[in-house]
Every structure is written in structure tokens, then in C-alpha cells.
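Chain by chain, the residues run as shown.
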Amino acid sequence: MTTTNPPETRSDTSLALDEIQRRVLWLATLMVHHANHVRPDRGGLKVGGHQASSASVVTLMTYLFFEFLRSGDRISVKPHAAPVLHAVQYLLGNLDPAYLTMLRQQHGLQAYPSRTKDPDRVDFSTGSMGLGSIAPNYAALLDRYVQGRFGHGGGRRYVSLVGDGELDEGSIWETVAEPALAGLDNVIWVVDVNRQSLDRVIPGIRIRQLAAMFRDNGWHVVEAKYGRRLEEASRRAGGDRLCRRIDEMSNEEYQFLLRAPAAVVRSSLGSAFEGYEDEALPALIADLGGHDFDVLREAFRTADGSRQPAVIFAYTVKGWGLPIAGDPLNHQALLTSEQVAPSAGSSACRRAINGRAFPRSRRPAGCATSVGERWPTHLGSPVPPPRFPMTSVGRTRAPRRRSSPSGFS
Ligand SMILES: Cc1ncc(C[n+]2csc(CCOP(=O)(O)OP(=O)(O)O)c2C)c(N)n1
């Protein structure tokens, strides 16, 4: 049997983003680790933090902040990804490094993104599921009103990064079905489909139903399901059955395969994996669209070009890149010091801790033009607020009508 591993198909920009996301992953992971295992614990209370939930959106957040978002855009970030947001802000030079050791500490970084209490920039507070994630929709509506009424504003895009478990909230569907949103082409939701919510694997069929509900309410639905390497495998002999098999398997089975030995993966997925070496299989089975910059670029391009509100279902692995990846019980799991130690010695981790804000001279190759030039300005130079006559807004009384009993007759 000839054995070949998947070819490197990523673009230069994506390779550069990969260098950045390694730093984001380790900064976010170490922030939580420090809060729980290093900082002296005076009260004896659990500190907490969500390393696995953070890891699942590291690629998405890196893509959004280092390539997609423009100055003036607004974003709401799912509650458990707060450490990722702060890691990104640190790398962008918007957060003092002293805060990296102050996660979940009084006057430090908040457990969930907070507009009022966090020291760096947070566009929308999240935490109560289904509230922060819907706020960008209404902000986009107000933006349209201000633009139409006063001729100011406009041009912003409103992005909401939500967990798949968050779609259980009723407020989400009230918003998705809101007729006033029809035609808002600057709203993009990204669902982090890590198939887990707390310590529960979400049944697969549900995502199909949810996508249909968005579609039925006039949203444009985009899927970022498979990475390039898995797509490549599906084009090999016998590969046609591969994606169909993965599509049809339950989320529980997929989660199991993420951590299964190569022989088990091979026997479950048949001939499509025949050409690959055993050591290539774990990365191949976990090669999902939500961790592939090239796939995400295409998905966001489609969503951004849509004339309706758009939702991207981005498939991810909860705990991606960490020893707890794909473990169904990883929701509140914290890496042990022994698990962190080998990584802490790795170059990616050292660079994460020491590499501040990517000075020009140290930017990864490929970033200088397409990615790099955006960094210092992204969200850092706010678009000035529109000027409109505050005195008259909401203060002009409608003429009073006198009620009279005859009104009921
Ligand atoms: C209104 C509300 N209900 C319950 C919770 C508790 N809660 C926090 S996170 C979470 C599940 C999150 O699942 P998901 O959205 O899939 O995110 P992830 O698993 O990626 O963290 C729940 C139920 C909450 N924060 N807000």
C-alpha cells in the first residue's frame, strides 16, 4: 500500500494566520490556567474558565480579527470565548499585558465579555445566552434608521459569534423571525458548531433543522463543514462515500472517532483513508471548515455578498489543539499543569507569551501586506458617531388626545 499524507494546500495568508492562531490559542489557554493553577487562591473558591469552548473558536476569531473585520464593524462574542477575545486584543496591542494574569479577578478581565467592566474594547456584553448574540441585529436596525433618517452612519457590518447550544434560546428565534431584519445585508451570524453544549453532545439532526429555520425566515445559510484536506480525501477513490458517511453519522459517533485509534477510524470510514499513514488520520478526521482559513474566507465572502442577513454554520472541534480536544466531558475541564508543561516549552507557546502585538519586524511571512497592514488600525480607530439633533430625538411630544368615556361606546 502506498502511503501519502495530505498535501499542504493552504494559501500564504492562511499559513500566516495559522502562526497567529497558535499564539491566540496558547494565550487564551494560559490565561485560564494561570487564574486556576498559578495565581494564589486566597478564598479557596473555584475560579473556572472554559479552555475547550475557547479553543473551538480560535480559528474563527483569528480569521475575523486579523482578516475580515474592518474599522467600524461591530462584533458580539460568545460568553465562554472571553479569553480568546482578550488574547486577540493583547496581540493587537489593545490590552496591557498585566491583565493576562487577571482573568476572573476583581478589577481584572471579566468571566464573560463586558462592555462596562473589561479594560479592552468589547462591542456587546454577552453572558446571558441569547441576549448578547442578538444585540448586533438590533444595532444594525438602528444603524439603518439613523442612516435613513439623518443621513449618517452606515457601512458597518454586524457580526455575532454564537455557540450552537445558544440556539436553544427562545430569544434567538424571535430575532431570526423578525420581519424588520429582512434585507439587512450587513448582519452575519457565525455558529460555532462544536456539537457540544455543556457536557452534552448535540444530536446531529438538529443542525439541519436549525439551518432550515434560518432559511425559512429569509436568512442566507452558508456551511463551513469540511476542511480542504478532508475534501481532498473525499475526491480520492472511494472518497465519495466518505463525506456522506460523516454527514450521516451521529454527532456522538463523530466525537468518538476524534479520539479513537487510527485502526478504529480506518475500519469505520472504509477505503477513503487507505492511502493515508496512521499518524495523519487524527488530523484528517478533525479537519473541519471552522478550522480552515481558506474555507472560512470563502464562507465569509459568500455571507458578506448576500443581500439578506446571513448565518454561517462553522463546524469546529471543542478543545481544538489541546489534549482535551473532542472529549465529550471537556466543557469545564482544565488542563493540568503536567498537560500544560510540555506545551509551555514549545515555541508556539513561548512566542504567545513573549510576542507582543507583532511588531512589523516580527510579523510572520505573508502578513506584511494582506493581513499585517490591518492590525494596528482594526477597530482601533473608531468611526466617529453620527451627529444628529439629540434635542429633538424622542422629545417631541405627540399632541395629547383627551380620552373620553364616549371613546368606548
Ligand atoms: C440564559 C442562560 N441560560 C443558561 C446559561 C448557562 N450556560 C452557560 S454556557 C451554556 C452552554 C453553552 O453551550 P454553547 O453555546 O454550545 O457554547 P460552548 O459549548 O461552545 O461553550 C449554558 C447553558 C447562561 N449563561 N445563560
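None of the values given here were measured: they were computed from a predicted structure.

Caption draft 1: Up close: the overall build of the chain. Scanning the chain for helices and strands turns up 16 helices and 7 strands. Residue burial in the chain is summarised as follows: out of 409 residues, 42% are buried.

Caption draft 2: Spatial organisation of the pairing of strand β2 (residues 158–163). Counting buried positions along β2 gives 6 out of 6 residues, so the element sits mostly inside the fold. The alternating pattern of β2 places Y158, S160 and V162 and V159, L161 and G163 on opposite faces, both of which are buried. In this sheet, β2 lies alongside strand β1 (residues 74–77) in parallel orientation, the contact comprising 4 bridges. Its bridge partner being in β2, V77 is matched across the sheet by L161. Across 6 bridges, β2 lies against strand β3 (residues 187–193) in parallel orientation. Its bridge partner lying in β3, Y158 is registered against V187. For the handedness criterion, the β-α-β arrangement of β2, helix α6 (residues 170–176) and β3 is classed as right-handed.

Caption draft 3: Local environment of the site of the ligand. Residues in contact with the ligand amount to 18 residues; listed here are only the nearest, S53, M129, G163, G165 and S197. Elements supplying a minimum of two residues to the shell around the ligand: α2 (51–56) and β4 (196–197).

Caption draft 4: Inspection of the packing of helix α1 (residues 12–38) against helix α4 (residues 82–91) at higher detail. The N-to-C vectors of α1 and α4 enclose an angle of 120°; their axes lie 8 Å apart at closest approach. As far as their axial angle goes, α4 and α1 are oblique. For the element pair α1 and α4, the recorded crossing hand is right-handed. Contacts between α1 and α4 involve R23, V24, L27, A28, M31 and V32 on the former and, on the latter, P83, V84, H86, A87, V88, Y90 and L91. Its residues placed into classes, the contact of α1 with α4 shows 11 nonpolar, 1 polar and 1 charged.

Caption draft 5: Main features of helix α7 (residues 205–216). Along its 12 residues, α7 runs 17 Å from first to last C-alpha, staying within 8% of the 16 Å computed at 1.5 Å per residue. Buried residues along α7 sit in contact with α6, β3, β6 (220–224) and β7 (310–315).

Caption draft 6: Just the sheet that holds β6, in detail. Overall, parallel pairing links the 5 strands, which are arranged β1-β2-β3-β7-β6 in an open sheet. Pairing within the sheet leaves two strands with one partner each, and these edge strands are β1 and β6. The sheet shows a mean angle of 15° between the axes of neighbouring strands, direction not considered. Sheet strands touched by helix α5 (residues 135–150): β1, β2 and β3. Its angle to β2, the strand with the most contacts, is close to 165°.

Caption draft 7: Representation of the confidence of the model for the chain within the structure. Of all residues in the chain, 80% have pLDDT values of 70 or greater, and the mean over the chain is 82. Ignoring residues within four places in sequence, the model shows residues 357–362, a span with pLDDT below 50, making 7 contacts including any to other chains. Low pLDDT (under 50) marks residues 403–409, which in the prediction has 0 contacts with non-local residues, meaning those over four places away or in another chain.

Caption draft 8: Spatial organisation of the environment of V317. Along the chain, V317 falls in the loop between β7 and α14 (337–344). Taking the number of C-beta atoms within 10 Å as the measure of exposure, V317 has 25 and is therefore buried. Separated by 125 residues in the primary sequence, V317 and D192 place their C-alpha atoms 9.1 Å from one another. When near neighbours in sequence (up to four residues on either side) are disregarded, V317 contacts S56, N194, L258, A286, L288, H291, A325 and G326.

Caption draft 9: Layout of the nonpolar core. Membership of the largest hydrophobic core comes to 97 residues, with the highest contact counts inside it found for V24, M61, V84, V191, I312 and A314. Here the element with the most residues in this core is α1; it accounts for 12 residues. Composition of this core by domain shows at least three residues from each of domain 1 (12–225 + 288–376) and domain 2 (236–285). With residues up to four places along the chain from it excluded, the contact list for M61 reads V24, A81, V84 and V88.

Caption draft 10: The arrangement of unusual backbone geometry in detail. Phi angles above zero are rare outside glycine, and H107 is one such case at about 65°. Position of H107 relative to the elements: it lies in the loop between α4 and α5. A residue is classified by how many C-beta atoms lie within 10 Å of it, and H107, with 9 of them, is exposed. Positive phi is not limited to glycine here, since R195 has a value of about 65°. Secondary-structure assignment places R195 in the loop between β3 and β4.

Caption draft 11: Looking closely at the packing of helix α3 (residues 58–68) against helix α13 (residues 293–305). At their nearest, the axes of α3 and α13 sit 11 Å apart, and the two run at 60° to each other. The angle between the axes of α3 and α13 places the two elements in the oblique class. As α3 packs across α13, the resulting crossing turns out to be right-handed. Taking contact as the criterion, the partners of T59, L60, Y63 and F68 in α3 are, on α13, F293, L296 and F300. Taken together, the residues that form the contact of α3 with α13 break down as 6 nonpolar, 1 polar and no charged.

Parameters at a glance
Residues numbered from 1 in each chain as written. Predicted model: local features only at pLDDT ≥ 70, side-chain atom pairs only at ≥ 80, totals over all residues. Helix = DSSP H or I, 4+ residues; strand = E, 2+ residues; numbered from the N terminus. Buried ≥ 20, exposed ≤ 12 C-beta atoms within 10 Å, placed from the backbone. Pairing = 2+ DSSP bridges. Right-handed = clockwise from strand over helix to strand, strands pointing away. Near = placed C-beta within 6 Å. Axes fitted to C-alpha atoms, helices over the stretch in contact; angles between N-to-C directions. Parallel < 35°, antiparallel > 145°, perpendicular 65-115°, else oblique. Left-handed = near helix turned anticlockwise from the far one by under 90°. Contact = placed C-beta atoms within 7 Å. Nonpolar A, V, L, I, M, F, W, Y, C, P; charged D, E, K, R; others polar. Expected span 1.5 Å × (residues − 1). pLDDT = per-residue confidence, 0-100. Core = buried A, V, L, I, M, F, W, Y, C linked by C-beta atoms within 7 Å. Domains from an automatic or database assignment.

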